[in-house]
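Each chain, written out:
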Amino acid sequence: MWYSYPSIYRGRNNYEDYSIFVFTEEEYNKAVTTYKNASVEDLSYVLDIDGQHIMWAEKFKYESAAQAAAEFKAAMEAAYGGAFSNWSGNANIFKTVAVTVKSVDAVDPASEPVITLTAEVTDAERTFEFGSAIEGENKISIDWGDGTIVEGATITGVYDGWTTTPVIGTPKGTGEIKIYATGGICYFDCVSTVGGPGITTLDVSKATELTELYANGNKLTTFDASMLSKLSKLYLNNNSLTEANLPASLTYLNISNNKLTSWNGSNLTVLSSLYLSDNTSLGTLDVSNMPALKSLYALNCGLTSFNAGALKTAKAYISVNNNLLETLDVSEATGLENGSLFAMGNNLTEIKLPDVKVKAVNISKNKFTLATIPATANVTTLTYAPQQEMVIE
């Protein structure tokens, strides 16, 4: 299938130059996709680059280039009469050879994508948010799954910690989305609505400038960010993860509401905040090898064993509510000084507290008796009631 387009040049003194261009269907589709920011070899002024040329919006389909040229010439003569026949000698009347359309702002398709992911394909649009790691212009282009790379956005300046740049599109074809950038990306958000269309795979191995990544609310089952040495903040909550390889650079991690059955944070030596809640089959949790940990949320993890070790970060916060713990020993966790410990809704009959002043301790809904409730001398606020009903056999 062939297409033809006219171009009208309006110069000084009302001088007009008419041209007819003939495209293959593939060339036409490329031109339509990129015409607003295009550089066209041998076809520069058909695409309205400098604002002086007019590209007609109407398209005509023909079975051959010759038919396109002949029938379109006749249509133009009928519309313009004598003016059409008096073209200047510079007019390019027929263009039947192959043309190359190249977007100035698009990334070279041969370059590697910085992020690749698989999204479920529906009619729903997706929004990705970006932050740039470079001072100058950073141009984002995306293949939404059909093999066509389209320009997404141009980011100017380094991400300031607040303002991100959105790019909106609709997943197509296989749903394999490839994201290209002319500079480093330090912030990426591909959050989905829980229960809606989600992302099933996410490869960020080439996005080595990432410092913040938000991938919560998706359908990931595995995830690897171990190569991202600058990543500080990571949101993976509300996925279906059974495995995650994490970088040692993390200071904040939310991996709650997944399907983890084990936890090893031995390499996370600078992690300050950890959200593990609702990994219901975790069973045991040892954070003794995470010296920078200050905030821990491990609610509803099916815990029968918990080891805080010698947690020393000041004003620490630990919540292990709604687990299956029978004993709890945090006697070495001196970081609980002026901090808080929540262990509601377990099966505790024994607890050992550190010899420091703890701001708040909540051990309600356990199996303590008046004889086993811990001494309150080092606790500013102790909440111990109600306890579980005592079962007498």
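Located above this text is the structure these notes cover.
Residues numbered from 1 in each chain as written. Predicted model: local features only at pLDDT ≥ 70, side-chain atom pairs only at ≥ 80, totals over all residues. Heavy atoms only, no water.

Colleague: Lay out the overall build of the chain with the relevant residues and their values.
Modeller: When helices and strands are counted, the chain shows three helices and 29 strands. Buried positions account for 44% of the 393 residues belonging to the chain. For the chain, restricting intrachain contacts to residue pairs at least 6 apart in sequence, the fraction spanning at least 24 positions comes to 39%. Here the chain has roughly 19,100 Å² of accessible surface; of this, 48% comes from carbon and sulfur atoms. (Helix = DSSP H or I, 4+ residues; strand = E, 2+ residues; numbered from the N terminus. Buried < 20%, exposed > 50% of the residue type's maximum accessible area, 1.4 Å probe, protein only. Contact = heavy atoms within 4.5 Å. Areas by Shrake-Rupley, 256 points an atom, 1.4 Å probe, with all protein chains shown as cover.)

Colleague: Lay out the sheet that holds strand 14 (residues 199-203) with the relevant residues and their values.
Modeller: Strand pairing in a sheet relies on backbone hydrogen bonds, with the paired strands running either antiparallel or parallel. Read from one edge to the other, the open sheet built from five strands follows the order 10-9-12-7-14, with strand pairing classed as antiparallel. Only two strands of the sheet have a single partner each, and these edge strands are strand 10 (149-156) and strand 14. Recorded for the sheet is a direction-independent mean angle of 20° between the axes of neighbouring strands. Of the pairings in the sheet, the one linking strand 9 (residues 137-143) to strand 10 comprises seven bridges and is antiparallel in character. Each bridged residue has a counterpart across the sheet, and for asparagine 138 the counterpart in strand 10 is isoleucine 155. (Pairing = 2+ DSSP bridges. Axes fitted to C-alpha atoms, helices over the stretch in contact; angles between N-to-C directions.)

Colleague: Please provide a residue-by-residue account of the pattern of salt bridges, values included.
Modeller: The tally for this structure, following the rule as stated, stands at five salt bridges. Of the charged contacts, one joins glutamate 112 and lysine 206 as a salt bridge, the two residues approaching to 3.9 Å between their closest N and O atoms. Of the two residues, glutamate 112 sits in the loop between strand 6 (100-103) and strand 7 (115-119) while lysine 206 sits in the loop between strand 14 and strand 15 (212-214), which places them 94 residues apart along the sequence. Judged by its relative accessible area of 58%, glutamate 112 falls in the exposed class. Across the pair lysine 139 and glutamate 137 runs a salt bridge, and its minimum N-O distance is 3.8 Å. (Salt bridge = Lys/Arg side-chain N within 4 Å of Asp/Glu carboxyl O.)

Colleague: Now, about the nonpolar core: what can you tell me, with residues and values included?
Modeller: Core analysis: the biggest nonpolar cluster contains 73 residues, and Phe128, Ile179, Phe188 and Phe306 have the highest contact counts within it. Element by element, the count of residues in this core is highest for strand 7, at three residues. The residues contacting phenylalanine 306, other than those within four sequence positions of it, are Leu285, Val287, Leu296, Ile318, Val320, Leu325, Leu328 and Val330. The next biggest cluster of nonpolar side chains, apart from the first, holds six residues, and it includes Tyr159, Tyr187, Tyr214 and Tyr252. (Core = buried A, V, L, I, M, F, W, Y, C linked by side-chain atoms within 4.5 Å.)

Colleague: Tell me about the layout of surface pockets, residues and numbers included.
Modeller: Approximately 230 Å³ is the volume found for the second largest pocket. Along the wall of the second largest pocket there are 13 residues; nearest its centre are Ala244, Asn245, Ser262, Trp263 and Asn264. Taken together, the residues of the lining of the second largest pocket break down into six nonpolar, six polar and one charged. (1 Å grid on protein atoms, 1.4 Å probe; cavity = no way out; pocket = protein on both sides within 12 Å on 5 of 7 lines; lining within 4 Å. Points joined across faces, edges and corners; volume = space filled by probe spheres on them. Nonpolar A, V, L, I, M, F, W, Y, C, P; charged D, E, K, R; others polar.)

Colleague: Describe the sheet that holds strand 17 (residues 233-235), naming the residues involved and giving the relevant values.
Modeller: Taken in spatial order, the twelve strands of this open sheet run 11-8-13-15-17-19-20-22-24-26-28-29, and their pairing is mixed. Strands with a single pairing partner mark the edges of an open sheet, and in this sheet they are strand 11 (165-169) and strand 29 (379-383). Here the average twist between neighbouring strands, direction ignored, is 10°. Two elements, strand 19 (residues 252-254) and strand 20 (residues 273-275), share three bridges in a ladder whose sense is parallel. Among the inter-strand pairings, asparagine 254 is bridged to a residue of strand 20, identified as tyrosine 275.

Colleague: So what's going on with the packing of aromatic side chains? Which residues, and what values?
Modeller: This structure, assessed with the given rule, holds eleven aromatic pairs. When the centroid spacing of 5.4 Å and the interplanar angle of 5° are considered together, the rings of phenylalanine 128 and tryptophan 144 count as stacked. A residue pair is termed long-range when its members are at least 10 positions apart, and phenylalanine 128 in strand 8 (residues 126-132) and tryptophan 144 in the loop between strand 9 and strand 10 qualify at 16 residues. By relative accessible area, phenylalanine 128 is classed as buried at 0%. Tryptophan 144 gets classed as buried once you look at its relative accessible area, which sits at 7%. For the ring pair tyrosine 252 and tyrosine 275, a centre distance of 5.5 Å and an interplane angle of 40° mean the geometry is tilted. Placement of the pair is tyrosine 252 in strand 19 and tyrosine 275 in strand 20, with a sequence separation of 23 residues. Overall, tyrosine 252 belongs to the buried group, its relative accessible area being 17%. (Phe/Tyr/Trp six-rings, centres within 6.5 Å; stacked < 30°, edge-to-face > 60°.)

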